[in-house]
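Coordinate inspection notes
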Amino acid sequence: MLHILKKKKTSFCECLKGVKVPQGYSSNVKSLVSMNDLKLIGLKAHDCDVLMQQLLPVVIRGILPKNVRHTITRICSFFNSICSKEIDSQKLDKLEEEIIVILCQLEMFFPPSFFDIMVHLVVHLVIEIRLCGPIYM
């Protein structure tokens, strides 16, 4: 089992190591991947945003089971939607419903220790957008 997990981590890191992004889009992704530890190191806030909104759905394609991959891709799409410069106020209700379903699906795949207060706070982001406007900055 550990051998399979290590192969998946290696595949994940190798995929990120091979990602090329436009100049100034984010940090050099290659330099953020430690192949020795099979970890991401030195991520800045913008790097996390780019990883979560753009790169993660691509990187997990051949690694995770379809149902887990689909749920993670949905949460990445949610973050991409709420971080855009313009948000259609009519879509906020749908986004609010969607994030609740996504978090319920995540609870089926991840252990309870994964869910701390920060994961729960995602539910409130749509309410904050209604009150304060777009959060792209």
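Below you will find a few notes about this structure. For clarity, every value in this text was computed on a predicted model and none was experimentally measured.

**Things to note about the nonpolar core**
Within the largest apolar cluster, 17 residues are counted, with the highest numbers of intra-cluster contacts made by Phe12, Cys13, Leu16, Leu55, Leu56, Ile60 and Ile72. Elements represented by at least two residues in this core include exactly helix H1 (2-17), helix H3 (45-59) and helix H4 (66-82). With 14 residues, the next largest nonpolar core counts Ile82, Leu106, Val122 and Val126 among its residues.

**Describing the state of the cysteines**
Summed over all chains, the structure comprises 0 disulfides. Residue Cys76 stays outside any disulfide, its sulfur separated by 11 Å from that of Cys83, the closest cysteine.

**Quick word on the side chain of Asp47**
Along the chain, the position of Asp47 falls in helix H3. Here Asp47 is buried and forms no salt bridge, its nearest opposite-charge partner Lys44 lying at an N-O distance of 5.3 Å.

**So, the environment of Arg74**
Mapped onto the elements of the fold, Arg74 is located in helix H4. A relative accessible area of 19% places Arg74 in the buried class. When the C-alpha atoms of Arg74 and Pro57 are compared, they prove to be 8.8 Å apart, with 17 residues separating the residues in sequence. Contact partners of Arg74, with chain neighbours within four places excluded, come to Glu98, Val101, Ile102 and Gln105.

**Considerations on the packing of aromatic side chains**
Under the definition given, this model contains 3 aromatic pairs. Ring centres of Phe78 and Phe79 lie 5.7 Å apart, and the angle between their planes is 70 degrees; this geometry places the pair in the edge-to-face category. Judged by relative accessible area, Phe78 falls into the buried class, the value being 1%. According to the relative accessible area criterion, Phe79 is buried, its value standing at 17%. Taking the centre distance of 4.8 Å and the plane angle of 25 degrees together, the rings of Phe110 and Phe114 count as stacked.

**Considerations on unusual backbone geometry**
Although it is not a glycine, Leu38 sits at a positive phi angle of roughly 55 degrees. For Leu38, the location among the structural elements is in the loop between strand S1 (33-34) and strand S2 (39-40). Owing to a relative accessible area of 13%, Leu38 belongs among the buried residues under this scheme.

**With respect to the environment of Lys94**
Locating Lys94 in the fold gives a position in helix H5 (residues 92-109). Taking the C-alpha atoms as reference points, Lys94 and His120, separated by 26 residues in sequence, lie 18 Å from one another.

**Considering H5**
For H5, which comprises 18 residues, the first-to-last C-alpha distance of 26 Å matches the rise-based estimate of 26 Å (1.5 Å per residue) to within 8%. What H5 keeps buried is the set Leu92, Leu95, Glu98, Ile99, Ile102, Leu103, Gln105 and Leu106. Along H5, the residues classed as buried sweep out an arc of 160 degrees about the axis, all on the same side. Exposed residues on H5 whose side chains face more than 90 degrees from its buried face are Lys94, Glu97, Glu107 and Met108. Buried residues belonging to H5 abut H4, helix H6 (117-121) and helix H7 (125-132).

Cut-offs used in this document
Residues numbered from 1 in each chain as written. Predicted model: local features only at pLDDT ≥ 70, side-chain atom pairs only at ≥ 80, totals over all residues. Heavy atoms only, no water. Core = buried A, V, L, I, M, F, W, Y, C linked by side-chain atoms within 4.5 Å. Buried < 20%, exposed > 50% of the residue type's maximum accessible area, 1.4 Å probe, protein only. Helix = DSSP H or I, 4+ residues; strand = E, 2+ residues; numbered from the N terminus. Disulfide = S-S within 2.5 Å. Lys, Arg positive; Asp, Glu negative; His and termini not counted. Salt bridge = Lys/Arg side-chain N within 4 Å of Asp/Glu carboxyl O. Contact = heavy atoms within 4.5 Å. Phe/Tyr/Trp six-rings, centres within 6.5 Å; stacked < 30°, edge-to-face > 60°. Expected span 1.5 Å × (residues − 1). Arc of directions from axis to C-beta.

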